[in-house]
Amino acid sequence: MSYYLNSENHLDSGPIYVRENGQLHMVNLALDDVRGSLQKPRPFRLFPKGFSVELCMNREDDTAQKEKTDHFIFTYTREGNLRYSAKSLFSLVLGFISDNVDHIDSLIGFPEQIAEKLFSAAEARQKFTEPGAGLRALQKFTEAYGSLVLCSLCLRNRYLVISEKLEEIKSFRELTCLDLSCCKLGDEHELLEHLTNEALSSVTQLRLKDNCLSDAGVRKMTAPVRVMKRGLENLSLLDLSCNPEITDAGIGYLFSFRKLNCLDISGTGLKDIKAVKHKLQTHIGLVHSKVPLKEFDHSNCKTEGWADQIVLQWERVTLEAMKPQEALESRTAACHFYGKRARTEALGKYPLTEAHMNSSEKLQFYKEKAADCHGPLLKHEALSSQESKKSKKRAFEESEKEQSSSSQSSKQKYVCLAVEDWDLLNSY
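Just so it is clear, the structure is predicted and the values come from calculations on it, not from any experiment.

Draft legend 1. Up close: the overall build of the protein chain. Helices and strands together make up the secondary structure of the protein chain, namely 20 helices and 11 strands. Among the 428 residues that make up the protein chain, the fraction classed as buried is 38%. Within the protein chain, residue pairs in contact and separated by at least 24 positions form 75% of the contacts whose partners lie at least 6 positions apart. Carbon and sulfur atoms form 53% of the exposed surface of the protein chain, whose accessible area is close to 26200 Å².

Draft legend 2. Summary view of the confidence of the model for the protein chain. On average, residues of the protein chain score 76 in pLDDT, and 63% of them reach the 70 mark or higher. Predicted confidence for residues 340-359 stays below pLDDT 50, and this span has 28 contacts to residues more than four positions away or in other chains. Across residues 405-415, confidence stays below pLDDT 50; counting only partners more than four residues off in sequence or on other chains, it has seven contacts.

Draft legend 3. Structural context of the packing of helix H4 (residues 89-99) against helix H5 (residues 112-124). Contact geometry for H4 and H5: axes closest at 9 Å, N-to-C directions at 60 degrees. Comparing their axes, H5 and H4 come out oblique. In this structure, H4 meets H5 at a crossing whose hand is right-handed. For the pair H4 and H5, the contacting residues are Phe90, Leu94, Ile97 and Ser98 in the first and Ile114, Lys117, Leu118, Ala121 and Ala122 in the second.

Draft legend 4. Region of the structure containing helix H13 (residues 308-321). Here H13 is 14 residues long and its end C-alpha atoms lie 21 Å apart, about the 20 Å a rise of 1.5 Å per residue gives. Within H13, the full set of buried residues consists of Ile310, Val311, Gln313, Trp314 and Thr318. Viewed end-on, H13 has its buried residues packed into an arc of 160 degrees, placing them on one side of the element. On its buried face, H13 is in contact with H5, helix H6 (133-145), strand E5 (152-154), helix H7 (159-164) and helix H8 (166-170).

Draft legend 5. Representation of empty space enclosed by the protein within the structure. Following the criterion strictly, the structure yields three cavities of 30 Å³ or more and no others. Each pocket or cavity is described by its volume, and for the second largest cavity that value is around 40 Å³. If you go around the second largest cavity, the residues you meet are Leu153, Ile169, Phe172, Leu175, Leu178, Leu191, His194, Leu195 and Leu200. Residue classes in the lining of the second largest cavity are distributed as eight nonpolar, one polar and no charged.

Draft legend 6. How the structure looks around the packing of aromatic side chains. Enumeration according to the criterion identifies six aromatic pairs in this entry. Ring geometry for phenylalanine 119 versus tryptophan 306: centroids 5.9 Å apart, planes at 50 degrees, classification tilted. With phenylalanine 119 in helix H5 and tryptophan 306 in the loop between strand E10 (286-288) and H13, this residue pair connects regions lying 187 residues apart in the sequence. This pair shows no difference in class: phenylalanine 119 is buried, exactly as tryptophan 306 is. Pairing tyrosine 145 with tryptophan 306 gives two aromatic rings, centres 5.5 Å apart and planes at 50 degrees, and the pair type is tilted. Taken together, the residues span a long stretch of sequence, with tyrosine 145 in helix H6 and tryptophan 306 in the loop between E10 and H13 at a distance of 161 residues. Each member of the pair, tyrosine 145 as well as tryptophan 306, is classed as buried. Pairwise contacts between aromatic rings join Phe119, Phe128, Phe141, Tyr145 and Trp306 into one cluster.

Reading the values: the criteria
Residues numbered from 1 in each chain as written. Predicted model: local features only at pLDDT ≥ 70, side-chain atom pairs only at ≥ 80, totals over all residues. Heavy atoms only, no water. Helix = DSSP H or I, 4+ residues; strand = E, 2+ residues; numbered from the N terminus. Buried < 20%, exposed > 50% of the residue type's maximum accessible area, 1.4 Å probe, protein only. Contact = heavy atoms within 4.5 Å. Areas by Shrake-Rupley, 256 points an atom, 1.4 Å probe, with all protein chains shown as cover. pLDDT = per-residue confidence, 0-100. Axes fitted to C-alpha atoms, helices over the stretch in contact; angles between N-to-C directions. Parallel < 35°, antiparallel > 145°, perpendicular 65-115°, else oblique. Left-handed = near helix turned anticlockwise from the far one by under 90°. Expected span 1.5 Å × (residues − 1). Arc of directions from axis to C-beta. 1 Å grid on protein atoms, 1.4 Å probe; cavity = no way out; pocket = protein on both sides within 12 Å on 5 of 7 lines; lining within 4 Å. Points joined across faces, edges and corners; volume = space filled by probe spheres on them. Nonpolar A, V, L, I, M, F, W, Y, C, P; charged D, E, K, R; others polar. Phe/Tyr/Trp six-rings, centres within 6.5 Å; stacked < 30°, edge-to-face > 60°.

Structure, rendered in structure tokens:
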């Protein structure tokens, strides 16, 4: 008892009552005098000192608030009163799947109408701009719907987008038109090698203007067509203008494009232009045009498909990530990314501007049998070509005879494979 009263750790349990003869008596009142002489005991604490509780009944995080209101559509009546109605179950499910679109296993066999709505919902949430998850989501759509996602892609002068979103760009399939003008890719860029992939065998229009290409790059691009008859075998329009390192030898690699209808080699490093014109007409039937062809107007190539706005999102995100003072450094970093010399060095060595190109001779070629598709610009040429058709036919037959009677070495110039060709083919 004494130990209980003198203990500092004693906890007051409150008054104690005892029933006796039908009456309640408080037992610890008798001990008040004793306790008064002792030290006051410490109060009992359920939580440690400094602990506090804050009521958060009216506070919700942004995610919870969004989930709570995302199920409703808010509108205003004519009287100005707020009115809300519940969304359909389809809209709720569509929103949930678009938020987790990167976790979809496959969309093959899924209805195109629903897939397009799902793609738009994911695009509105900017899911395709997220690193990693955006690439996985985009691949699910491209492998299932191909050209519906994107049939035409214009990346003219968007070298920063290529450097930041290279894997996403490579995921597109069944493109028919691809514009990579003024991107300074160079011969060794990964995207140039991707052009020979089977996924891009559907490309019919390819624009590679001003890309620091040389004969080696043209050889690499045409190797699958020349040897294995695959790759860019369906190419009908090719723009190689403003690539000064492409010479007469590089033009010889283009003879494997049998379906080529339009070719632009203005501003290249040709030595014997007359001989090149003759070879193009002899081997693939391309005739030099005296007037500019409307097919090479870059305004005709636009980004078309479900993902047309995604490319704009990529460009906006890339530009927003750049700081004004880092603009020049980013341009230099992009040149290092491509593994080629600096842009200023290339332009200093080959100062090819639009004004220079306009003042020089345009080396644009077309097939005579496709002259009608060139519109009013070529009507006069079509009439003149029909008048001289017989003479050109005789010239063509004579050139065929000369080719057949030429030495075996001259044939091997375009038929036999060099060691570099075999090394290039072994890399695929």
